[in-house]
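Here is what each chain is made of, one letter per residue.
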Amino acid sequence: MEAESGVVEGLAVLKSDGSVLYSTGLAGDQRVRSLMADKAWMASARHHRLQSLTLDRRSYSVLVTPMRGAELIVFSALTGQAVLEFLGSVDFAYDILEHLLTDPFDAMTVVDGEARVAYVSPVHERFFGLSRGEANGRPVREVIENTRLDKIVATGLPEVGEIQHMRGSERVVSRVPIRRDGRIVGAVGRVMFKGPQQVEALARRVNALENEVRFYKREAAALRTRSYGLDELIGESPAMQRLKSELTKIAPLSIPVLIHGESGTGKELVAHALHRLSPRRDATHVMVNAAALPATLVESELFGYEPGAFTGADRKGRKGKFEQAAGGTIFLDEIGDMPMEVQAKLLRVLQDHMVERIGGDRPYQVDFRLVTATNRNLQDLVGQGQFRLDLYYRISPISIEVPPLRRRIDDIPQLVAHFLKEVAGRHGYPVPEVEESALAYLMEQAWPGNIRQLRHEVERAFVFAENGRISADTFVGHSDSFVPPVVPPEERGLLPRRGESLKSNLGRVEAELVREALVRHKGNKKRVAEELGISRSYLYKLLDEGMRL
Ligand SMILES: Nc1ncnc2c1ncn2[C@@H]1O[C@H](COP(=O)(O)OP(=O)(O)OP(=O)(O)O)[C@@H](O)[C@H]1O
């Protein structure tokens, strides 16, 4: 019959000269006695302290423990293959077990099958203010707050990497049931004390990721029912107000609209707003990047194809973009970059709204509203023979100009607040505070990349914000994408304003010039004073007087 693992099968006490003082059980076996008399075997056993021994095809662990003036040798039955291998392969198996039990960063609690404490590692005892062995034999629920080891024993289900609140701090714990011959004999709980900062950092990261997932889920939900109305178009500057009022008037009509504006000004948002404000808002808004359409694919993309129209085609056939936009809006972005052959094909559809699938036998009517956008000057392209005049007329009965950011710098504070809120929300951080100096600095820039560039700069500043504050330095120090301001003087408020007193006009111009110089010299007041030909004390006086810089 197989012995039960761990059961003591023999004991021996050796005197310091190696002679046997007492032996019982397996230790009395003649073969074992001769092993104990063998100096080399005993030296190895002493060295390992814990090692395996096979006798009559049964395995035992041999533990050698020094006593005063003698040695105790304990022989226990060993059935676990993994433990045998471990003892057989590792010279310092004993030291590993010792380490596991005393590791100050990885504490352990063992409970028996009744969820009573069998063992608490020393570091854990200290953590709970227990004296050595004090908890042994007590129900674990009485000893450790929020423990779930009793549940593990009851259910046999492990819980790995859970957060447990203990004595005022959060710890990462793992709890696993221990089985023998399929029966649950207890459970082990382990607590990671290692680098609480690392664990906290990990927890923060997980938290931030969860927030991010939540944000994207909200975004995705919002995208499905996206209002993309005027609310998404941030800005109340006169230029934006004009644009919004135009959109409200144009949106309800089914007439084609051409949106013109520099890159990054928000043309796509404007196109969405047109759709959402129109009676077509519940049908699809289909977006097509006209520049990316190769002439070879354009027909199948735009007009679709019938089943089996060509080799490699989807067996069921496919709807083209115009068909997908039926009842809704089709938005052709970058129309100025559309190849000439594609322009010809597009023109045919726009003439009568008739679409014919590849492989189809008759064209049919599709109801769509056409919105196009470009950052190029189409009239120039027509002049150069790169854009068809007839197509230009078709797409531009109404054209809207989206103003560049430099013509609406008063929108910058609102845009900055909007982007910061968005990026902070995405990462689960509080929204940083923006100092006046930062806004003033941003309002000085030329913004060739328009709102897209502003958005990137704000996201970058969010990363470099110090103590939750964003100052002009945050941008100056961390960005190389700013170009010197080219904003004309009349747009910077350098020109006199009628109806304003001489003093106030002079004050404003003075403030503008100082502000510009401060930005140019990255806040170096000595250079600013030199350049403007004023004393440093006068510069400080201006700054002290609270000039809006
Ligand atoms: N008024 C606005 N309010 C809030 N965000 C805006 C606004 N205008 C533009 N944006 C943002 O700026 C970025 C660029 O906008 P969009 O892609 O619409 O520009 P675009 O004019 O279509 O650029 P391109 O010509 O390069 O395609 C987007 O992230 C958009 O959300």
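For the structure, see preceding data.
Residues numbered from 1 in each chain as written. Predicted model: local features only at pLDDT ≥ 70, side-chain atom pairs only at ≥ 80, totals over all residues. Heavy atoms only, no water.

Participant: Report on unusual backbone geometry, specifying residues and quantitative values.
Facilitator: The phi angle at Ala-115 is positive, at roughly 65°, despite the residue not being glycine. In the Ramachandran plot, Trp-447 falls in the positive-phi region, its phi being about 55° despite a non-glycine side chain. Within the element layout of this structure, Trp-447 appears in the loop between helix 17 (436-444) and helix 18 (450-464). (Helix = DSSP H or I, 4+ residues; strand = E, 2+ residues; numbered from the N terminus.)

Participant: Go over the pattern of salt bridges with me, naming the residues and quoting the values.
Facilitator: Under the defined criterion, the tally for this structure stands at 30 salt bridges. For Glu-159, the salt bridge identified is with Arg-148, shortest N-O distance 2.5 Å. Of this pair, Glu-159 sits in strand 8 (residues 159-166) while Arg-148 sits in the loop between helix 6 (140-143) and helix 7 (149-155), and the two are 11 residues apart along the sequence. Judged by its relative accessible area of 15%, Glu-159 is buried. Across the salt bridge formed by Arg-280 and Asp-367, the nearest N and O atoms sit 2.8 Å from each other. Separated by 87 residues along the polypeptide, Arg-280 in the loop between helix 10 (267-276) and strand 12 (285-289) and Asp-367 in the loop between strand 17 (364-365) and strand 18 (369-374) bring together distant segments of the chain. Overall, Arg-280 belongs to the buried group, its relative accessible area being 10%. (Salt bridge = Lys/Arg side-chain N within 4 Å of Asp/Glu carboxyl O. Buried < 20%, exposed > 50% of the residue type's maximum accessible area, 1.4 Å probe, protein only.)

Participant: Can you tell me about the nonpolar core, naming the residues and giving the values?
Facilitator: By size, the foremost hydrophobic cluster in this structure holds 30 residues, and its most contacted members are Phe-322, Ile-335, Phe-368, Phe-387 and Ile-395. Listed by contribution, the elements that provide at least two residues to this core are strand 12, helix 11 (295-303), strand 15 (329-333), helix 13 (340-352), helix 14 (378-383) and helix 15 (389-395). Top contributing element to this core by residue count: helix 13, with five residues. Once residues lying within four places of it in the same chain are set aside, the contact partners of Phe-322 are Leu-302, Phe-303, Ile-330, Leu-346, Val-349, Val-355, Val-366 and Phe-368. (Core = buried A, V, L, I, M, F, W, Y, C linked by side-chain atoms within 4.5 Å. Contact = heavy atoms within 4.5 Å.)

Participant: Any chance you could break down the sheet that holds strand 18 for me, citing the residues and the numbers?
Facilitator: Note: strands within a sheet are paired through backbone hydrogen bonds, in either parallel or antiparallel orientation. Judged by pairing direction, the sheet is parallel, and its five strands sit side by side in the order 12-15-18-11-19 without closing on themselves. Since the sheet does not close on itself, it has two edges, and those belong to strand 12 and strand 19 (398-401), each with one partner. Within this sheet the neighbouring strands show an average axis-to-axis angle of 20°, counted without direction. (Pairing = 2+ DSSP bridges. Axes fitted to C-alpha atoms, helices over the stretch in contact; angles between N-to-C directions.)

Participant: Please set out the sheet that holds strand 3 (residues 50-55) residue by residue, giving values where relevant.
Facilitator: On the basis of which strands lie adjacent, the open sheet formed by five strands has the order 2-1-5-4-3 and antiparallel pairing. In this open sheet, the two strands that pair with only one neighbour each are strand 2 (20-25) and strand 3. Each strand axis lies, on average, 20° off the axis of its neighbour in the sheet, ignoring direction. Pairing geometry for strand 1 (residues 8-15) and strand 2, over five bridges, is antiparallel. From the neighbouring strand, Ala-12 faces strand 2, where its bridge partner is Ser-23.

Participant: Now, about the side chain of Ser-237: what can you tell me, with residues and values included?
Facilitator: Examined against the element boundaries, Ser-237 turns out to sit in the loop between helix 8 (196-224) and helix 9 (238-250). One polar contact links Ser-237 to Asp-411, side chain to side chain, over a distance of 2.7 Å. Contacts of Ser-237, omitting those with residues within four sequence positions, involve Arg-408, Asp-410 and Asp-411. (Polar contact = N/O pair within 3.5 Å; in protein donor to acceptor, adjacent residues only side chain to side chain.)

Participant: Let's hear about the packing of aromatic side chains: which residues, and what values?
Facilitator: Taken as a whole, this structure holds five aromatic pairs when the rule is applied. Consider the rings of Phe-127 and Phe-128, whose centres lie 5.2 Å apart with planes at 75°: the pair is edge-to-face. Between Tyr-429 and Phe-462 the ring centres are 6.2 Å apart and the planes differ by 85°, which places this aromatic pair in the edge-to-face class. Remark: Phe-462 occurs in helix 18 and Tyr-429 occurs in the loop between helix 16 (412-427) and strand 20 (433-434); sequence separation between them is 33 residues. Taken together through their ring pairs, the aromatic side chains of Phe-303, Phe-322 and Phe-368 make up a single cluster. (Phe/Tyr/Trp six-rings, centres within 6.5 Å; stacked < 30°, edge-to-face > 60°.)

Participant: A description of the environment of Lys-321 should follow, citing residues and the corresponding values.
Facilitator: Mapped onto the fold, Lys-321 is located in helix 12 (residues 321-324). Sequence separation of Lys-321 and Gly-304 is 17 residues, and the distance between their C-alpha atoms is 7.3 Å. Not counting residues up to four positions away in its chain, the partners in contact with Lys-321 are Val-286, Val-288, Glu-301, Leu-302 and Ile-330.

Participant: Break down the environment of Ser-254 for me, citing the residues and quoting the values.
Facilitator: On the secondary structure map, Ser-254 appears in the loop between helix 9 and strand 11 (257-260). Remark: the alpha-carbon pair of Ser-254 and Val-371, spanning 117 residues in sequence, is separated by 9.7 Å. Setting aside its immediate chain neighbours within four residues, Ser-254 contacts Arg-280 and Arg-369. In terms of polar contacts, Ser-254 uses its side chain to reach the side chain of Arg-280, at 3.0 Å.

Participant: Describe the pairing of strand 5 (residues 70-77), with residues and values.
Facilitator: In terms of burial, strand 5 is largely enclosed, as seven of its eight residues are buried. Here strand 1 pairs with strand 5 via seven bridges, running antiparallel. Considered in strand 5, the bridge of Gly-10 is made with Phe-75. Two successive antiparallel strands, strand 4 (residues 58-67) and strand 5, enclose a turn made up of two residues, where Gly-69 displays a positive phi of approximately 70°.

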